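Report on the structure
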Amino acid sequence: MFTKTFAKTRIMLAALLVSLCAQAEVELPEEFHAAEPKMQLYLAYAEFKMAHYEVAREMWLHITGKGNGEAAFNLGILYEQGMGVEKDLLVARDYYLHAAEKGSRAGAYQVGLMHMNHPELVNAETATHWLTIAALDGDEDAADMLKSINMGGAAEDSPMLKVRQLIAKGEVDQARELLIEMAEATPPNYEAVTRLAWLYETGLGVEQDIDRAGELFKVAAEGGNAEAQYALSVMYETGVGQPMDKAQSRHWLQLSADQNYQPALEKRGDNPAENP
C-alpha cells in the first residue's frame, strides 16, 4: 500500500543526502571521524546543545551504521524547527521517515504526527500506519494518538500529547502555557518541566536562554526524569548551561542509564542500541 510512495521518498532522500554532503563546509575534528557511531552521536549532541547547529548537522550527516537512524531523526528536528538551516517540513518529514525505516520508534511517531497535524501533509492513512508502528514498539503517545483518531477527536485526557500536537501545529505559545501549568502543579509534572527546558534551550517559541534551560533540566533531573538527567549530564560535561564538572556529569549519566534511557546507555557504552 505504501511501497511506491516510500520508495519514491527514499530515492529523493538519498539524492538529498548526497547533495548535502557535497555542500559540506564544516571541517570535522579527527576525534569525530575516529569515534564509533555511538560516540559520534554523543559528540554531535554536545555540539547541538552548545547551539553549534551547523557542526552538529555535519556530524549527523556523516554518521553511518547503527547510528544512522538516530542521526536522521536529529536532522529532522533541525529542518522542522529551522535550527541552523532553512525550515523545511518536507525535508524534515523525509529525515524522520528515513529514521523510522531504520527502526526508530521516535521517527515513526514523528512521521505519524506530521501527517496528522501539518496541513500540507495531512494524510490519515499514512499517519495511522506510522503511529501504529510506533505504538506497537511501545510508544504510549502514539497509542493515545491512535485512540484519539478512532474516537474522532483530540486526546483530551493526555496533556503531554496535547502539547506535542500544539507544537506540531506551530502553536507554541499555547503549548508553553500548558507546559507551565503542568510544571507548576503540585506535584510538578517533570516531563513538562523537561519539555519547557528544551523550549528555552532551542529558542522554540521563546527567547533562547541556556541558563534557564539548565535550571529547568536540573529541577526535572532531581525529580527523576531520565531525559533531563541525561541532558544535565551533557551540560556538566560541556560547561554549557551548568559549570563544567566531570564528576557531576558522570553522576547524572549514571542515574539516567539506571532508568534505561537509551542515549545514556549508549554513552556509557554498556548497552548500545541495536538498529538495522
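Residues numbered from 1 in each chain as written. Predicted model: local features only at pLDDT ≥ 70, side-chain atom pairs only at ≥ 80, totals over all residues. Heavy atoms only, no water.

Structural notes on the confidence of the model for the chain
Scored by pLDDT, the chain has a mean of 83; 86% of the residues are at 70 or more. Averaged over each element, pLDDT in the chain is lowest for helix α1 (residues 3–22) (46) and highest for helix α13 (residues 210–222) (96). Here residues 17–24 is modelled with pLDDT under 50, and outside its nearest four sequence neighbours on either side it reaches 8 contacts, counting other chains as well. (pLDDT = per-residue confidence, 0-100. Helix = DSSP H or I, 4+ residues; strand = E, 2+ residues; numbered from the N terminus. Contact = heavy atoms within 4.5 Å.)

Looking at the packing of helix α10 (residues 159–168) against helix α11 (residues 172–183)
Relative orientation and spacing of two packed helices are given, respectively, by the angle between their axes and the distance between those axes. Axis separation between α10 and α11 bottoms out at 8 Å; the angle between their running directions is 160 degrees. As far as their axial angle goes, α11 and α10 are roughly antiparallel. Every pair of crossing elements has a handedness; the one defined by α10 and α11 is left-handed. Residues P159, M160, K162, V163, L166 and I167 of α10 pack against V172, Q174, A175, L178, L179 and M182 of α11. In the contact of α10 with α11, the residues fall into 10 nonpolar, 1 polar and 1 charged. (Axes fitted to C-alpha atoms, helices over the stretch in contact; angles between N-to-C directions. Parallel < 35°, antiparallel > 145°, perpendicular 65-115°, else oblique. Left-handed = near helix turned anticlockwise from the far one by under 90°. Nonpolar A, V, L, I, M, F, W, Y, C, P; charged D, E, K, R; others polar.)

Observations concerning the nonpolar core
Ranked by size, the top nonpolar core spans 81 residues in total, and within it F48, W60, L78, Y109, L179 and F217 carry the most contacts. The leading source of residues in this core is helix α6 (residues 89–101), at 8 residues. (Core = buried A, V, L, I, M, F, W, Y, C linked by side-chain atoms within 4.5 Å. Buried < 20%, exposed > 50% of the residue type's maximum accessible area, 1.4 Å probe, protein only.)

So, the environment of L41
Mapped onto the elements of the fold, L41 is located in helix α3 (residues 37–49). Separated by 22 residues in the primary sequence, L41 and I63 have C-alpha atoms spaced 7.6 Å apart. Other than its neighbours up to four places away in sequence, L41 contacts W60, I63, G67, E70, A71 and E266.

Describing the side chain of Q229
Secondary-structure assignment places Q229 in helix α14 (residues 226–238). In terms of polar contacts, Q229 uses its side chain to reach the backbone carbonyl oxygen of A221, at 3.2 Å. (Polar contact = N/O pair within 3.5 Å; in protein donor to acceptor, adjacent residues only side chain to side chain.)

A word on unusual backbone geometry
Excluding glycine, residues mostly have negative phi values, and the peptide bonds linking residues are mostly trans. Between T186 and the following residue, P187, the backbone shows a cis peptide bond with an omega angle of -5 degrees. In this fold, P187 is placed in the loop between α11 and α12 (190–202). You will see that A51, though not glycine, has its phi angle at about 65 degrees, which is positive. Along the chain, the position of A51 falls in the loop between α3 and α4 (53–61). Phi angles above zero are rare outside glycine, and N260 is one such case at about 65 degrees. Judged by its relative accessible area of 58%, N260 falls in the exposed class.

What about the pattern of salt bridges?
Side chains that differ in charge, positive against negative, can pair when their charged atoms come close. For the structure shown, the criterion picks out 6 salt bridges. A salt bridge links D173 to R176; its shortest N-O distance comes to 3.1 Å. Of this pair, D173 and R176 are both found in helix α11, 3 residues apart, which corresponds to roughly one turn of the helix. Salt-bridge contacts for E215 lead to R212; the nearest nitrogen and oxygen are separated by 3.2 Å. (Salt bridge = Lys/Arg side-chain N within 4 Å of Asp/Glu carboxyl O.)

Description of the packing of α14 against helix α15 (residues 246–258)
Taken N-terminus to C-terminus, the directions of α14 and α15 make an angle of 160 degrees; their axes are 8 Å apart at the nearest point. Taken together, the axis directions place α14 and α15 in an arrangement best described as roughly antiparallel. Here α14 runs over α15; the crossing is left-handed. Side by side, α14 and α15 meet where A226, Q229, Y230, L232, S233, Y236 and E237 of the first sit next to K246, Q248, S249, W252, L253, L255 and S256 of the second. Residues that form the contact of α14 with α15 fall into these classes: 7 nonpolar, 5 polar and 2 charged.

Some remarks on the packing of aromatic side chains
Each pair of aromatic rings is reported with the distance of its centres and the angle of its planes. By the definition in use, this model includes 9 aromatic pairs. With 6.3 Å between their ring centres and 75 degrees between their planes, Y42 and Y230 make a pair best called edge-to-face. One end of the pair, Y42, is in helix α3; the other, Y230, is in helix α14, and 188 residues separate them in sequence. Taken together, the ring pairs connect Y42, Y45, W198, F217, Y230 and Y261 into an aromatic cluster. (Phe/Tyr/Trp six-rings, centres within 6.5 Å; stacked < 30°, edge-to-face > 60°.)

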